[in-house]
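# Coordinates in review
Each chain, written out:
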Amino acid sequence: MLLKGERTFVVRDAGGFVAHVNMPGWLKPKPSDHGHGPLAMVVESILAPGRLIAMHEHRDDEIVSWVPDGVMRHDDKATGRLVVDGDHLMVMNAGTGFWHSEETLVSDPPLRMLQILVRPRGAGLSPNIQHGPIPAATANVWRHLVGPEGEGAAFYVRSAVDIFDIRLDAGARVEFPRRQGRDLYFYVFSGAVIADGQTFAEGEQGLHLSDGKIEAEAKSASILVAFLLDPNAPIARQGTVGDHRKIPPAIIIRAFLKWRRFRQLWRRSS
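Residues numbered from 1 in each chain as written. Predicted model: local features only at pLDDT ≥ 70, side-chain atom pairs only at ≥ 80, totals over all residues. Heavy atoms only, no water.

Quick look at the environment of Asp 243 now. In this fold, Asp 243 is placed in the loop between β22 (222-229) and α1 (250-269). Taking the C-alpha atoms as reference, Asp 243 lies 35 Å from Arg 268; in sequence the two are 25 residues apart. Leave out the neighbours within four places in its chain, and Asp 243 touches His 34, Ala 40, Arg 119, Ala 236, Arg 237 and Gln 238. At 3.4 Å, the side chain of Asp 243 and the side chain of His 34 are in polar contact. (Helix = DSSP H or I, 4+ residues; strand = E, 2+ residues; numbered from the N terminus. Contact = heavy atoms within 4.5 Å. Polar contact = N/O pair within 3.5 Å; in protein donor to acceptor, adjacent residues only side chain to side chain.)

What follows is about the sheet that holds strand β5 (residues 52-58). Neighbouring strands of a sheet are bound in pairs by backbone hydrogen bonds; such pairs are parallel or else antiparallel. Reading across the sheet, the 4 strands line up as β5-β10-β7-β8 and stay open at both edges, with antiparallel pairing between neighbours. The strands lining the two open edges of the sheet, one partner per strand, are β5 and β8 (80-84). The sheet shows a mean angle of 25° between the axes of neighbouring strands, taken without regard to direction. Across 4 bridges, strand β7 (residues 72-76) lies against strand β10 (residues 98-103) in antiparallel orientation. Paired with Asp 75 across the strands is Ser 101, a residue of β10. (Pairing = 2+ DSSP bridges. Axes fitted to C-alpha atoms, helices over the stretch in contact; angles between N-to-C directions.)

On to α1. Side chains that are three or four residues apart share a direction in an α-helix, a result of its 3.6 residues per turn. Over its 20 residues, α1 runs 29 Å from end to end, which matches the ideal 28 Å to within 8%, given 1.5 Å per residue. All of the buried residues in α1 are Ala 250, Ile 253, Leu 257 and Arg 260. Relative to the axis of α1, the buried residues are bounded by an arc of 80° and lie together on one face. When the buried face of α1 is taken as reference, the exposed residues oriented beyond 90 degrees from it are Ile 251, Lys 258, Phe 262, Leu 265, Trp 266 and Ser 269. (Expected span 1.5 Å × (residues − 1). Buried < 20%, exposed > 50% of the residue type's maximum accessible area, 1.4 Å probe, protein only. Arc of directions from axis to C-beta.)

Treat this as a map of the structure, not an account of what it does.
Next up, the structure:
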């Protein structure tokens, strides 16, 4: 079953820094968790040129920074200054605590990226940072970016999640990555695709509660990010961002989504 999520209604605007927060678990008909297994949230972040997000701490989150275009300039107390762009990826395994800042220079282009919050297998792990080049993208071919620790991926998270991206030409048709016992979540970063008879436009997302075959056809040139995750994997839900205490509980979200669906039906019938 492929569940569709429209562009998120959770948007934080901090003046030059806008975050569109996507909650995979909220795609379910009756959400019980804002995340889905080890995937807590996927945040589309937009930074204007010359914007600084001051030094701040993360704990018990695995944070993947994916930048398809533009430049994100990172600084931390352990490794110093790093640049994340279309040729480089960064994973912060925050563990017991990791401090960092993010910025764009006035001379940089506007930045639009994904910050992916993964729940680790346990709390209180050792902090670490991974940064390095990624292979050049090949059109219409999935690129494996991140995998579980110890399974040989160039970048790892300490949880049962694999992350892929792809750049599709208009009209291209591909099968989503599959792995036994894993659910699929995907995010359309740009363009539009058809999957399971449904159209997914920019900023929309899908959750496939199965490891069965599913394909996507690009209506236009598109960029997608896909996740294979074990919904029953052991996880710690103590991340300072991924499981922030201000995230509304599931019972409130159920009521809100029910009200929103009713409002949409009312508008269509009036």
